[in-house]
Structures are given as structure tokens and as C-alpha cells.
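Each chain is listed here by its residues.
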2 protein chains.
Amino acid sequence: MDERVREHAEILVDWSARVEAGDDVVVSVGPDAHELAVAVAEKLGERGANPLLTYSSGEVRRAYLRAHDGAFDDDPDHERALVENADVYLSLGGARNTSATADVPGETRQAYRRSRDGVREARFDTRWVSTVHPTRALAQSAGMAYAEYRDFAYDAIIRDWESLAEEMARMKDIIDGGREVRLVSPGTDLTMSIEGRTAVNSAASVAYDSHNLPSGEVFTAPHGTDGEVTFDVPMTIDGESVRDVRLEFEDGEVTDYEATEGEAVIGEVLETDDGARRLGELGIGMNRGIDRYTDNILFDEKMGETVHLALGRAYDACLPDGETGNESAVHVDLITDMSEASSLEVDGEVVGRNGRFRWEDGFDG
Amino acid sequence: MDERVREHAEILVDWSARVEAGDDVVVSVGPDAHELAVAVAEKLGERGANPLLTYSSGEVRRAYLRAHDGAFDDDPDHERALVENADVYLSLGGARNTSATADVPGETRQAYRRSRDGVREARFDTRWVSTVHPTRALAQSAGMAYAEYRDFAYDAIIRDWESLAEEMARMKDIIDGGREVRLVSPGTDLTMSIEGRTAVNSAASVAYDSHNLPSGEVFTAPHGTDGEVTFDVPMTIDGESVRDVRLEFEDGEVTDYEATEGEAVIGEVLETDDGARRLGELGIGMNRGIDRYTDNILFDEKMGETVHLALGRAYDACLPDGETGNESAVHVDLITDMSEASSLEVDGEVVGRNGRFRWEDGFDG
């Protein structure tokens, strides 16, 4: 076994999920994430935790969804009970084919997603962390050789997370103290309120309210969005390629949308529920270790010199205690490049321009 | 996909587990059982059932068990809750290496097994069925080519189960009406009481109290075993090869044991708990479709012209209502060839001799 698989597992279990003896842990294993599952099981054994492994396969999901009549039972008891009784939920993505569910009708996907609202809420109540094992399918998606992709992935995952957390704290302070964010870029001029919202210093650990490994972003839950935004970083959503999505917002809601590719899937996302037409997240990618787009949201949204917005669900950590933010069965991220002709303003003050933050060399305020 | 994979899934879901709309189904998937998992998911989708897939990997288990200090938590809440809330539990074996846990110390395996007593009881309260997807590792275990092994497995699985059930009913009637069974064979002269016990006509369906696919045996729960027995069909137990096990019984308990190979693993089994030293099962293999030993208990114990005995747990279906039979964390089957110099007697009457039953051509009473 590549020693980096073990390092990955150790960061996941100790730094990210803070697993302790006696924790009941669900480990969701993608079809090609077997090796990471072995390393995680070893680490959970050392810690004296109790793993229960689930199998998360796109091909299995596709077969089930296509055969079903679409009237899904809500939150089946066994699935809900498993998650409600878990302390920790580790998701080890490991796709064998990133387009495995491409021919499942969008409305079926949405209906299934809605039927699992309770399970999803229960998962968000655990110390949940999503990570990914570098697979050949992911390498292919990224347009990279397998060995090259493994280097890329482990460079992003195996880091000094504490020192990145310190750097990201600067951005969090600015967001926490701000009232309005404005994004300007080719095809983008968008304002949104961040008043009363808290930013998350997403340092790949539940101790930072951060649930992705790798991470490396500062995000919050905006509201009252107005203007237009163009997402020029390509994406795959529900197995379909999506390019140059343009959204128009008025009073916080999407009023118009278009895309040069994948417009239909964006339409399906927007129709999931009311919350799917509002933003649940503004995220600022600050992980300069991730230096290229690889068609994988877990990495792409953390990329330095990008900003992303998510349609749908907001994370509780960004909201005042007890307040409910935007609710939705979806959380779909879209990314825009901020490296050229771009600025990020907070309360009228330029915090980032052309990919540089104001505390960095080369910043041109 | 080989059309037989779909037929296998259909028999499993409809004939074996009697799945209906709304059933909450746990599907345990072996690392190389992916294809069968896809076919089962499709069938569960058609039926409107709710699958939750778990991942059952020997390598994962090995890594966990070896890393753990051995003081396992009893029946973790999340695992127990999952199974207690399931209507159906389908186990799709699909080993990648049948010796994957060979270097886990026996005492660790036993401690882990004991720690999951409650989970196991909960599973036995569901409509549970164990089957196996033919994998390369299983073909290798059987000493067969992969394509040859698939033919073997599907010939055993895809059958006219109703007509086999009718034939097996004859044997069940004899056992149900009998008081004592005597087995005679080279190295074997064993008597056991079957008074008050019911035989199961194991026709690969929960409707027959039968939980294996393939099946094709009639079994009951004997007690008060006396004499000696030699198991001349080879086995693999907990990843270790076991040959020519000889057990001596007195008043129902094993008083001595030896084996030409794997004696240590038999010793470990016997030490699991008190019930591990008593028999939980007498089974008569009646599936003549299974015509050879393949080092897989699911098939071997159903083989025509064999008898098997299990150390450990008895199945409730063989016992009077409300009565508890032999209890144990283990259920370890051992098989003996009855094709030559052998007889099976019930209350002094020869029911089978040299592999033929008394209703068959060639029976020499």
C-alpha cells in the first residue's frame, strides 16, 4: 500500500473527524475506494472506534433508481436509524465511472433526494467528513495520468492544516465583520448580504465546522443576492457536463438562467424545491496547493483564485444560533475564476483583486 | 451482464426473501459481488423496496481486527439499529481472497464475534438470506476455471426450487416422526436424539425457514449426541484449511478432537463458548445439482450423498415454539461423505445407504 493512503486515513480519522474510542462510525465506501477503506479501518481499530461500512456505488444507485416507479418511501427506518445512531460519518468517494448515473432522469434523482431529507439531516448532525480516494475514473475526469493524479490528490490532502487554518483566519475575520459582498468579474456583477452571518474557516476538520478533506476555503451563507453571475469553471453535475452557467438574481432568487452546456440539469436543480433557487453558500477558494481544475467539486471549490456559490442548502455553522438558513434538498456548487479582471469587495473595500488578497505580495488594491 | 446474474437476483429477491413493496432491506455486498449488487438493486427498485447497502470485505475486517486491542464494544448502537429496523437482510458473498483474514488471531476473531451477539440475533429476526456471487477467488478455491465455476454456481442456484422442495418433504417427514438418528461411515458411529425437534425443508426460501441460496438440504437440531464422527470432506474455516476432523461426543458435548490439518482452528471454535462444544445442526445434503466439493460451505453442505453437523448455534425453526436450543456465537459446519460403506438410520431403520435414499432406485436397504 502507498504510504500516502495511510497518511490520508490518519488525517481523516484524527484531524478531520476527531474520532475517539467508542465512537460509532459509518464509513461510506465508493466502489474503487477499497484501499482507503482498509487504511481507515486500521486507524479506527487503533482508536477503538466501531465502524459500519456502507457501499456507495453509482451503478447500484442507477439500477435502483431506473427500476423504481419514482414514488420513494420517505427516510426508510433502517437507513435513518443507522445514521441517527452514528457519531461520525466518513464518506470515502471512489468512483469507477464519474458518469455512472448519467441516464437517470433528473426528476427521479430529485424525488429520491427529497425522500432522504431526514437521513441527510441526521448525517449533518454527526461529525461528518467527505473525502475521496484517487481513482482512475477521477484521474480521467481530470485529464490526468493515474500516477500524476495521485500526486495531485495527496498534495492537496496531506498538508499542514494548522498553518493553512491560520492564514484563512484573516479572511474569516473580514467576512465576519462585513455586511455586503460584491463580486466583479467578466460576466459577473453580484451583490449579496452577509449581515449576521458567520464565516467558516474550513480547515478540513469538524473542529473548524469543516467537513471536506481536502478543504481550504472560507465560506458563509449569503442572502438577498442581486445581479448576475457567470460560472466559467466547467463542472459535472449529476453526471452531466455543465459549462458557462449564467444566473440572474433578484431579491435573493434566481430569475433567469442559461448555460452553453448542461442547461437542462441546471433547470432540474432549480426546480428541486424553493430553496434550490436561492444561494446557500459563498465560498472563497484559498488552497493554492490545488492549482488546477479537475472536474471534482471537492478539489475545485478550494482552488486558489476562485470563488464559488452554491444553490440550495446553507450550513448551520454560518447562521446565528437557532436560526434556519436556506433549506433545500440540494447543495450544488458553481465556480468562477477570479484571477483576471476581477475583484472581491466587502462593504465597498477591495479585499481581493485579480487573484491576490490584500495581505499578499502583488496585491493591487 | 450475464443474464444469469439477473436470474440469480430475481430468485433471491422473490423466491428466497419474498421481498415486498416498502420492505427495508439491508444488502451486504462482498468486494467482488458488485455485479450481483447491481442486479439486486434493480430488482428491489422494481419491487418498491428500500435497500441500504453495506460493504463486507475480509481485508477491511482484517485491518480493523488486527489494529484493535481486542476489547470490542458490544453491539454498537448504529449497527444494531440498522439491523433491528430491517425487514430483510440479503448477504451477497463475493470474496476477492478467501484467505483474507487468515492472519487474524483466533481469539480476536472470537472476541469480535461475541461482541456482535445482539446484532446477529437481530439479523436472524429478519427475512435473511445468504448467497454468493461467483468470483475468481471462489473459482480458485474450488480448483476450477472462472467460466467453469460460474456454470457450476448458476446450475446450483437457478433451479426449480418448488420441485426440489417436494422431494425433500419426504426426508422431513421421516425426521419429524423420528426419535433417534444414527450415522455410520468409516471413522463414524454417532447417535443423536431428534425427539421433539422439527426438520427444515431447506428450499432456499424464508417461506420454508430456509436462508441459503443455493440450498437443498433437510436439517434439524439434534441433542444428546454420543459416539465419534470423522469429517472427511475438506473445509476452510476462518481462512484456514481443515482436514479429517475427528470429534468424540459424550452426553452431547465434545470430549476430544483431532484433525490432520487445522486442528488449532477447531480448538479455537470449541473454546468460543459453551454452546460451541455441542451440535446445533444435523443436515442431510440433497442437492444432486451440486456434484463436487468446492471449499465453500454454502454449496458443500447441500451436496448430494453427504451429511453435515454444525458445532454451535441451533436454528429456532427446528425447535418447539418458545424453546431455546443450543446457543452459541458460532455455527461451524463440518461435512462427511456418505457415498460408501455408510448408512443413515432413523429409529433403527435404514433411510439411506451408500448415498441412496430408500425411495430411490439402487437403494440397498
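Quick caveat, the model's predicted, so the values are computed rather than measured. (Residues numbered from 1 in each chain as written. Chains lettered and ligands numbered in written order. Predicted model: local features only at pLDDT ≥ 70, side-chain atom pairs only at ≥ 80, totals over all residues.)

Let us now look at the overall build of chain A. For chain A, the count of helices and strands is 11 helices and 19 strands. A compact globule built from 365 residues would reach a C-alpha radius of gyration of about 21 Å, and chain A, at 20 Å, matches this within 12%. The C-alpha extent of chain A, read off along each of the three principal axes, is 50 × 45 × 45 Å. Classification of the 365 residues of chain A by burial places 53% in the buried group. Residue pairs in contact within chain A that sit at least 24 positions apart in sequence constitute 71% of those at least 6 positions apart. (Helix = DSSP H or I, 4+ residues; strand = E, 2+ residues; numbered from the N terminus. Rg over C-alpha atoms; globule rule 2.2 N^0.38 Å. Buried ≥ 20, exposed ≤ 12 C-beta atoms within 10 Å, placed from the backbone. Contact = placed C-beta atoms within 7 Å.)

Let us look at the packing of helix 2 (residues 34-47) of chain A against helix 3 (residues 58-67) of chain B. The N-to-C vectors of helix 2 of chain A and helix 3 of chain B enclose an angle of 25°; their axes lie 7 Å apart at closest approach. Overall, the two elements helix 2 of chain A and helix 3 of chain B adopt an arrangement that is roughly parallel. For the crossing formed where helix 2 of chain A meets helix 3 of chain B, the hand is right-handed. Where helix 2 of chain A abuts helix 3 of chain B, its residues Ala37, Val38, Ala41, Glu42, Leu44, Gly45 and Glu46 of chain A lie against Glu59, Val60, Ala63, Tyr64, Leu65, Arg66 and Ala67 of chain B. Looking at the contact of helix 2 of chain A with helix 3 of chain B residue by residue, the classes come out as 9 nonpolar, 1 polar and 4 charged. (Axes fitted to C-alpha atoms, helices over the stretch in contact; angles between N-to-C directions. Parallel < 35°, antiparallel > 145°, perpendicular 65-115°, else oblique. Left-handed = near helix turned anticlockwise from the far one by under 90°. Nonpolar A, V, L, I, M, F, W, Y, C, P; charged D, E, K, R; others polar.)

So, about helix 10 (residues 263-271) of chain A. Residue and element names in this part refer to chain A. Taken as a whole, helix 10 has its buried residues at Val265, Ile266, Glu268 and Val269. Buried residues of helix 10, seen end-on, are gathered within an arc of 160° and therefore sit on one face of the element. Exposed residues on helix 10 whose side chains face more than 90 degrees from its buried face are Ala264 and Glu271. (Arc of directions from axis to C-beta.)

This part takes up the sheet that holds strand 7 (residues 200-202) of chain A. Residue and element names in this part refer to chain A. As summarised here, the arrangement of the 5 strands in space is 7-8-14-15-16, forming an open sheet in which the pairing is antiparallel. Each having just a single partner strand, strand 7 and strand 16 (331-337) make up the two edges of the open sheet. The sheet shows a mean angle of 25° between the axes of neighbouring strands, taken without regard to direction. Contacts from helix 9 (residues 161-177) reach strand 7, strand 8 (217-220) and strand 14 (279-285), with the element oriented near 25° to strand 8. (Pairing = 2+ DSSP bridges.)

With that settled, the discussion passes to the sheet that holds strand 17 (residues 343-346) of chain B. Strand pairs in the sheet, formed through backbone hydrogen bonds, run parallel or antiparallel to each other. All names here are of chain B. Taken in spatial order, the 8 strands line up as 13-12-9-6-5-17-18-19 in an open sheet, and their pairing is antiparallel. Of all the strands in the sheet, the pair left with one neighbour each is strand 13 (253-258) and strand 19 (356-357). Strand direction decides the pairing type here: strand 12 (residues 245-250) and strand 13, joined by 5 bridges, are antiparallel. Bridge pairing links glutamate 248 to aspartate 256 in strand 13.

It takes a turn of 180° to lay chain B on chain A, together with a shift of 0.0 Å along the axis; the resulting RMSD is 0.0 Å. On the angle and the small slide along the axis, the relation comes out as a two-fold axis. Distance from the rotation axis, computed per C-alpha, reaches its smallest value in chain B at threonine 54 of chain B: 1.9 Å. Of the residues that chain B buries at the interface, 100% are likewise interface residues in chain A, meaning the two copies contact each other through the same surface. (Least-squares fit on C-alpha atoms with pLDDT ≥ 70 in both.)

Moving on, we get to the interface of chain B and chain A. The accessible area lost on association of the parts is a frequent measure of interface size. Across the boundary between the two partners, chain B contributes 39 residues, which contact 39 residues of chain A. Ranked by residues supplied to the side of chain B that touches chain A, first place goes to helix 2 (residues 34-47) of chain B with 8 residues. Class assignment of the residues belonging to the side of chain B that touches chain A gives a composition of 20 nonpolar, 10 polar and 9 charged.

With 208 residues, the main nonpolar core has Ala37, Val40 and Leu90 of chain A together with Ala37, Val40 and Leu90 of chain B as its most contacted residues. Once residues within four sequence positions are removed from consideration, alanine 37 of chain B is found in contact with Ser57 and Val60 of chain A together with Val27, Val29, Leu53 and Leu92 of chain B. (Core = buried A, V, L, I, M, F, W, Y, C linked by C-beta atoms within 7 Å.)

Here we take up the packing of helix 1 (residues 3-16) of chain B against helix 2 of chain B. All names here are of chain B. Axis separation between helix 1 and helix 2 bottoms out at 9 Å; the angle between their running directions is 50°. By the angle class used here, helix 1 and helix 2 are oblique. In this structure, the crossing between helix 1 and helix 2 has a hand that is right-handed. Only Glu35, Leu36, Ala39, Val40, Glu42, Lys43, Leu44 and Arg47 of helix 2 make contact with helix 1, whose side of the interface consists of Val5, Arg6, His8, Ala9, Glu10, Leu12 and Val13. Split into classes, the residues belonging to the contact of helix 1 with helix 2 amount to 8 nonpolar, 1 polar and 6 charged.

As a further point, take the pairing of strand 1 (residues 24-29) of chain A. All names here are of chain A. Of all the 6 residues making up strand 1, 6 are buried; the element is thus mostly covered by neighbouring parts of the structure. Side chains Asp24, Val26 and Ser28 of strand 1 all project onto a buried face; the interleaved residues Val25, Val27 and Val29 project onto the opposite face, where all are buried too. As paired strands, strand 1 and strand 2 (residues 50-55) are joined by 6 bridges and run parallel to one another. Note that in strand 2 the partner of aspartate 24 across the bridge is asparagine 50. What joins strand 1 to strand 2 is helix 2, and the crossover it makes is right-handed. Of the strand pairs in this sheet, strand 1 and strand 3 (residues 88-93) are connected by 5 bridges, and their pairing is parallel. Bridging from a neighbouring strand, serine 28 pairs with serine 91 of strand 3. (Right-handed = clockwise from strand over helix to strand, strands pointing away.)

With that out of the way, let us pick up the domain arrangement of chain A. Residue and element names in this part refer to chain A. Once the domains are mapped, chain A shows domain 1 (3-157) and domain 2 (161-357). The C-alpha-based centres of domain 1 and domain 2 are spaced at 23 Å. Between domain 1 and domain 2, the contact holds 30 residues from the first and 26 residues from the second. Of all the secondary-structure elements, those providing two or more residues to the side of domain 1 that touches domain 2 are helix 1 (3-16), helix 5 (106-115), strand 4 (127-132), helix 7 (136-142) and helix 8 (146-157). By residue number, the principal contributor to the side of domain 1 that touches domain 2 is strand 4, which donates 6 residues. A breakdown of the residues in the side of domain 1 that touches domain 2 according to their chemical character gives 14 nonpolar, 9 polar and 7 charged. (Domains from an automatic or database assignment.)

Residues with a pLDDT of 70 or more make up 100% of chain A, whose mean pLDDT is 95. Interface confidence for the predicted complex, expressed as ipTM, amounts to 0.84; the pTM equals 0.86. (pLDDT = per-residue confidence, 0-100.)

It is worth spelling out the environment of glutamate 46 of chain B at this point. Among the structural elements, glutamate 46 of chain B can be located in helix 2. In this structure, the C-alpha to C-alpha distance between glutamate 46 of chain B and threonine 255 of chain B, residues 209 residues apart in sequence, is 52 Å.

This brings us to the environment of threonine 131 of chain A. Residue and element names in this part refer to chain A. Of note, threonine 131 is situated in strand 4. Through-space distance from the C-alpha of threonine 131 to that of proline 214 is 6.8 Å; in sequence the pair is 83 residues apart. Once you skip the residues sitting within four places of it in the chain, threonine 131 turns out to touch Leu12, Ser91, Leu92, Gly93 and Leu213.

Next up on the list: unusual backbone geometry. Residues and elements named next belong to chain A. Of note, the bond from leucine 213 into proline 214 is cis; its omega dihedral lies within 30 degrees of zero at 5°. One can find proline 214 in the loop between strand 7 and strand 8. With a phi angle near 35°, aspartate 75 is a residue other than glycine that sits in the positive phi range. For aspartate 75, the position within the fold is in the loop between helix 3 (58-67) and helix 4 (77-84). The backbone of alanine 341 sits at a positive phi, close to 50°, despite the residue not being glycine. Among the structural elements, alanine 341 can be located in the loop between strand 16 and strand 17 (343-346). Exposure remark for alanine 341: the 12 C-beta atoms within 10 Å place this residue in the exposed category.

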